[in-house]
Amino acid sequence: MNILGIETSCDETAAAVTQGNKKNQSVKLLSNIASSSLSLHAKTGGIIPEKAAREQLRYILPVIEQALKKAAIEPNDLDAIAVTYGPGLIGSLLVGVETAKTLSLVFNKPIIPINHLIGHFYANWIDYNRKLIFPLLGLLVSGGHSDLILLKDHNNYECLGGTRDDAAGECFDKCARVLGFAYPGGPKISQLAKKGKPTFPLPIPMLESGDLDFSFSGLKTAFVNYVAKNFKLERGKYDAETESWIQKPLEEQLSEKKLKEIYNLCASLEHSIVESLVRKTIKAAKLTGVKNIMIAGGVAANQKLRLELKAQCLKSGSHFFVPSVPLCTDNAAMIACAAFYNYYPIPWDKLSANPQLYFD
Ligand code: KG4
Ligand code: ZN
């Protein structure tokens, strides 16, 4: 079963083709193409929704063409078209959804709507296929979400907990911003953290909350306030000539002592976020008795989180699954793969984008 996946929920314009084998229930990735408009947002250091959508409109057809070409699949050879219909930025979602509807009508192919959040988990099916056995405990950590989900089967899940305010990715991004870095901040903080030690007594959020929820806004405020009080940093800015985000390197702005302090602060922030995510996930595994644990979403690319959760899973006798790093952040391969295992086509004219979609 050849499925074209389309993903345009945020800044990416992505298309992929997967080939699913119904007999042995496995999925092979034939192509995975993405074009990001991130450099375009350098002027503000963050994503401007209207600009993202306008750029996606320009790229969606070439990206789809490239995905089909790389997979050596003609539109007529497709069995279905899968598309992210929410959550996300409305203008961006519309580009993918309306393109998918048009292709569905023109080539007479079924259309399969996919929830972006659930889609993230299916990056694991591309890498592990049949090794994933239900029930599974899933930790979704992206720019907008930090959720613990019990997956009982395909299309049968329950939300066990979520963030009450900022998501883990958002906390990384906002803390990186006060250090002058543009979006996405997670990889930057992680890079600086590698040079330091977690010596700052930052809180590990929600340890005693008695539930499976997260909260990262207090941690973010503690970090931001400390930096504002103790450092004079130049804000990064947009350079029209090179059309990129420029920032005087921290090494040129700070003394060696102050620089070390920043490294330690970043290591402490990463430590607190990772500890909070890992401890709540292990707690959820204990409460539910589930032995198969997987993570997904952009923050799952974080090396410390991958290593720490793997170590804790091994310690508690659980199996641990995590997508390869390129499949953690937004991509269309996970959307096409999700559609193979959740094959619920709907008529093209019944599909509309839903920016507020959660786990329904
Ligand atoms: O899943 P994703 O690509 O987009 C959303 O659906 O939100 O996640 C993006 C988030 C950003 O907050 C980014 O800073 C974070 O993932 N991220 C990381 C790393 N790579 C991406 N956070 C920590 N460490 C990383 N290596
Ligand atoms: Zn995402």
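Here, every reference points to the structure presented above.
Just so we're clear, the structure is a prediction, and the values are computed from it rather than from any experiment.

With that settled, consider the environment of Ala 353. By secondary structure assignment, the location of Ala 353 is in the segment after helix H11 (333–341). Ala 353 gets classed as buried once you look at its relative accessible area, which sits at 19%. Each C-alpha atom, one on Ala 353 and one on Gly 96, is 9.0 Å from the other, the two residues being 257 residues apart in sequence.

Here the focus is the pattern of salt bridges. As enumerated under the stated definition, the model contains 11 salt bridges in all. Between Arg 164 and Asp 213 there is a salt bridge whose closest N-O contact spans 3.2 Å. Placement of the pair is Arg 164 in the loop between strand E8 (156–162) and helix H5 (168–178) and Asp 213 in the loop between helix H6 (186–193) and helix H7 (217–230), with a sequence separation of 49 residues. Glu 251 is paired through a salt bridge with Lys 195; the nearest N and O atoms lie 3.9 Å apart.

Time to look at the sheet that holds strand E1 (residues 2–7). Spatially, E3-E2-E1-E4-E5 is the arrangement adopted by the five strands of the open sheet, whose pairing is mixed. A strand with exactly one partner marks an edge of an open sheet, and here the two such strands are strand E3 (26–36) and strand E5 (111–115). If you compare each strand with its neighbour and ignore which way they point, the axes differ by 20° on average. Where E1 lies against strand E4 (residues 80–86), four bridges are found, and the strand directions are parallel. Directly across from Ile 6, in E4, lies its bridge partner Val 83. Strands in contact with helix H1 (residues 49–71) are E1, strand E2 (12–21) and E3; relative to E2, the strand with the most contacts, it is inclined by about 25°.

Let us now look at the layout of surface pockets. Taken as a whole, the largest pocket encloses approximately 1,100 Å³ of empty space. Around the largest pocket, the lining is made up of 44 residues, and of these Cys 10, Ser 142, Gly 143, Gly 144 and Tyr 183 lie nearest the centre. Considering every element that reaches the lining of the largest pocket, the biggest residue donor is H5, with six residues. Counted by class, the lining of the largest pocket contains 18 nonpolar, 19 polar and seven charged residues.

Okay, the coordination of the zinc ion (ligand 2) next. The protein atoms donating to the zinc ion (ligand 2) are His 116 (NE2), His 120 (NE2) and Asp 330 (OD), with metal-donor distances spanning 2.0 to 2.1 Å. Spacing between the donor residues of the zinc ion (ligand 2) along their common chain follows H-x3-H-x209-D. Of this pair, His 120 sits in helix H3 (residues 116–121) while Asp 330 sits in the loop between strand E12 (319–321) and H11, placing them 210 residues apart in sequence. With respect to class, His 120 is no different from Asp 330; both count as buried.

Let us now look at the site of ligand 1. Around ligand 1, a shell composed of 20 residues is seen, among which His 120, Gly 143, Asp 173, Gly 186 and Gly 298 lie nearest. Interatomic distance of 3.2 Å between a backbone N/O atom of Gly 169 and an oxygen atom of ligand 1. In this structure, a nitrogen atom belonging to ligand 1 sits 3.1 Å away from a side-chain N or O atom of Asn 302. Considered on its own, ligand 1 offers 560 Å² of accessible surface; in the complex 89% of this is hidden by protein. Within the residue set of the shell around ligand 1, elements represented by two or more residues are H3, H5 and H6. Top contributing element to the shell around ligand 1 by residue count: H5, with three residues. Among the residues forming the shell around ligand 1, the class breakdown is six nonpolar, 12 polar and two charged.

Quick notes on the rules
Residues numbered from 1 in each chain as written. Chains lettered and ligands numbered in written order. Predicted model: local features only at pLDDT ≥ 70, side-chain atom pairs only at ≥ 80, totals over all residues. Heavy atoms only, no water. Helix = DSSP H or I, 4+ residues; strand = E, 2+ residues; numbered from the N terminus. Buried < 20%, exposed > 50% of the residue type's maximum accessible area, 1.4 Å probe, protein only. Salt bridge = Lys/Arg side-chain N within 4 Å of Asp/Glu carboxyl O. Pairing = 2+ DSSP bridges. Axes fitted to C-alpha atoms, helices over the stretch in contact; angles between N-to-C directions. Contact = heavy atoms within 4.5 Å. 1 Å grid on protein atoms, 1.4 Å probe; cavity = no way out; pocket = protein on both sides within 12 Å on 5 of 7 lines; lining within 4 Å. Points joined across faces, edges and corners; volume = space filled by probe spheres on them. Nonpolar A, V, L, I, M, F, W, Y, C, P; charged D, E, K, R; others polar. Donors = N, O, S within 2.8 Å, 3.2 Å for Na, K, Ca; no water. Near = heavy atom within 4 Å. Polar contact = N/O pair within 3.5 Å; in protein donor to acceptor, adjacent residues only side chain to side chain. Areas by Shrake-Rupley, 256 points an atom, 1.4 Å probe, with all protein chains shown as cover.

These values are about where atoms sit, not about what they do.
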